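Here are the chains, one letter per residue:
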Amino acid sequence: MNWYLKVLKQYADFSGRARRKEYWMFFLFNIIISYGIIFISIGLEMPSLSILSSIYSLAVLIPGIAVGVRRMHDAGKSGWFLLIPIYNLILACTDSEAGSNKWGPNPKSDAEEIDLIGQE
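Keep in mind that this is a model prediction, so the values were computed, not measured.

**Student:** So what about helix H2 (residues 20-43)? Which residues, and what values?
**Tutor:** Residues three or four positions apart in an α-helix share a direction because the helix packs 3.6 residues into each turn. End to end, H2 covers 34 Å across 24 residues, agreeing with the expected 34 Å (1.5 Å per residue, within 8%). Contact partners of the buried residues in H2: helix H1 (2-9), helix H3 (50-59), helix H4 (61-74) and helix H5 (85-93). Directly after H2, the chain includes Glu45, whose backbone phi takes a positive value near 50 degrees.

Shown next, in the form of structure tokens:
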């Protein structure tokens with residue numbers, strides 16, 4: 001959950017790099033929350049509650065794109081590669097580019113990044 005909150009704290013930060021773990025944990029929690037809202041609306045037979053799912057999806061659209069761009073940067077590619085359908089999935093699964101690149105230092109440093117959340 002901390003990885004999900006980290007992405008939300010960097011709401012529209014398109015610079016830097018994001019580890020695979022950060023990207024996929026955000027993706028996982030997004031799916032769980034979205035489907036949870038939908039299943040609750042079906043279970044309670046309240047179709048108007050499904051509007052909440054749409055509002056949630058719009059609210060996390062920008063952070064989702066931002067973490068995707070940072071993930072492309074971590075693989076050593078431009079954020080525009082996010083627009084290429086299959087290749088972006090391959091890049092999202094690819095390991096980090098070793099060392100620093102033009103988008104910043106490798107997030108897989110000695111200090112655990114998750115421990116630094118909220119200490120700014």
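**Student:** Break down the packing of H2 against H4 for me, citing the residues and quoting the values.
**Tutor:** Viewed as axis vectors pointing N to C, H2 and H4 meet at an angle of 155 degrees, and their least axial separation amounts to 9 Å. On the basis of the axis angle, H2 is roughly antiparallel to H4. Seen along the crossing, H2 lies across H4 with a hand that is left-handed. Packed against H2, whose contacting residues are Arg20, Glu22, Tyr23 and Phe26, the element H4 presents Pro63, Gly64, Val67, Gly68, Arg70 and Arg71 at the interface. In terms of residue class, the contact of H2 with H4 is made up of 4 nonpolar, 2 polar and 4 charged.

**Student:** Could you give an account of the pattern of salt bridges, naming the residues involved and the relevant values?
**Tutor:** Applying the stated criterion across every chain yields a total of 5 salt bridges. A salt bridge links Arg17 to Asp74; the nearest nitrogen and oxygen atoms lie 2.9 Å apart. In this pair, Arg17 sits in the loop between H1 and H2 while Asp74 sits in helix H4, placing the two residues 57 residues apart along the sequence. For the pair formed by Arg17 and Asp74, the shared burial category is buried.

**Student:** Which residues make up the nonpolar core, and what values go with them?
**Tutor:** Among the nonpolar cores identified, the biggest contains 14 residues, and Tyr4, Phe26, Tyr56, Val60 and Val67 are the most heavily contacted of them. Of all the secondary structure elements, the ones that give two or more residues to this core are H1, H2, H4 and H5. Of all the elements, H2 adds the most residues to this core, at 4 residues. Sequence-distant contacts of Val60, defined by excluding residues within four places in its chain, comprise Tyr4, Leu8, Phe26 and Asn30.

**Student:** I'd love a proper account of the packing of aromatic side chains, names of residues and values included.
**Tutor:** Across all of its chains, the model carries 6 aromatic pairs by this definition. Look at Tyr23 and Trp24: their rings are 4.9 Å apart centre to centre, the planes differ by 85 degrees, and that puts the pair in the edge-to-face class. Residue class for Tyr23 comes out buried when judged on its relative accessible area of 16%. The exposure class assigned to Trp24 is partly exposed, which follows from its relative accessible area of 28%. Geometrically, the ring pair formed by Trp24 and Phe27 is edge-to-face, given 5.4 Å between the ring centres and 80 degrees between the ring planes.

Procedures and definitions
- Per chain, residue numbering runs from 1 following the sequence as it is written.
- Per-residue local features of the predicted model are confined to residues with pLDDT of at least 70, and side-chain atom pairs are confined, for both listing and counting, to 80 or more; whole-chain, interface and lining totals are unaffected and use all residues.
- The basis for every side-chain value is the complete set of heavy atoms in the structure, and neither hydrogens nor water enter the calculation.
- Helix and strand assignments follow DSSP, with helices taken as H or I runs no shorter than four residues and strands as E runs no shorter than two, numbered in order from the N terminus.
- Expected helix span is computed as 1.5 Å times (number of residues minus one).
- The contact criterion used is simple: two residues touch if any of their non-hydrogen atoms lie within 4.5 Å.
- Only the contacting stretch of a helix is used when fitting its axis, a line to C-alpha atoms as for every element, and angles between N-to-C directions run 0 to 180 degrees.
- Note on terminology: angles under 35 degrees are roughly parallel, angles over 145 are roughly antiparallel, angles of 65 to 115 are roughly perpendicular, and the others are oblique.
- Crossing handedness follows the turn of the near helix against the far one: under a right angle anticlockwise gives a left-handed crossing, and clockwise gives a right-handed one.
- In this classification, the charged set is Asp, Glu, Lys and Arg, the nonpolar set is Ala, Val, Leu, Ile, Met, Phe, Trp, Tyr, Cys and Pro, and all remaining amino acids, among them Gly, are polar.
- Salt bridges, as used here, are contacts in which a Lys or Arg side-chain nitrogen is within 4 Å of a carboxyl oxygen on Asp or Glu.
- Exposure categories follow from relative accessible area, calculated using a 1.4 Å probe and restricted to protein chains: below 20% of the type maximum is buried, above 50% is exposed, and the middle band is partly exposed.
- Here, nonpolar core refers to any group of buried Ala, Val, Leu, Ile, Met, Phe, Trp, Tyr and Cys residues whose side-chain atoms link them within 4.5 Å.
- Side-chain rings of Phe, Tyr and Trp (the six-membered ring for Trp) are treated as a pair once their centres are within 6.5 Å; stacked means planes under 30 degrees apart, edge-to-face means over 60, and tilted covers the remaining angles.

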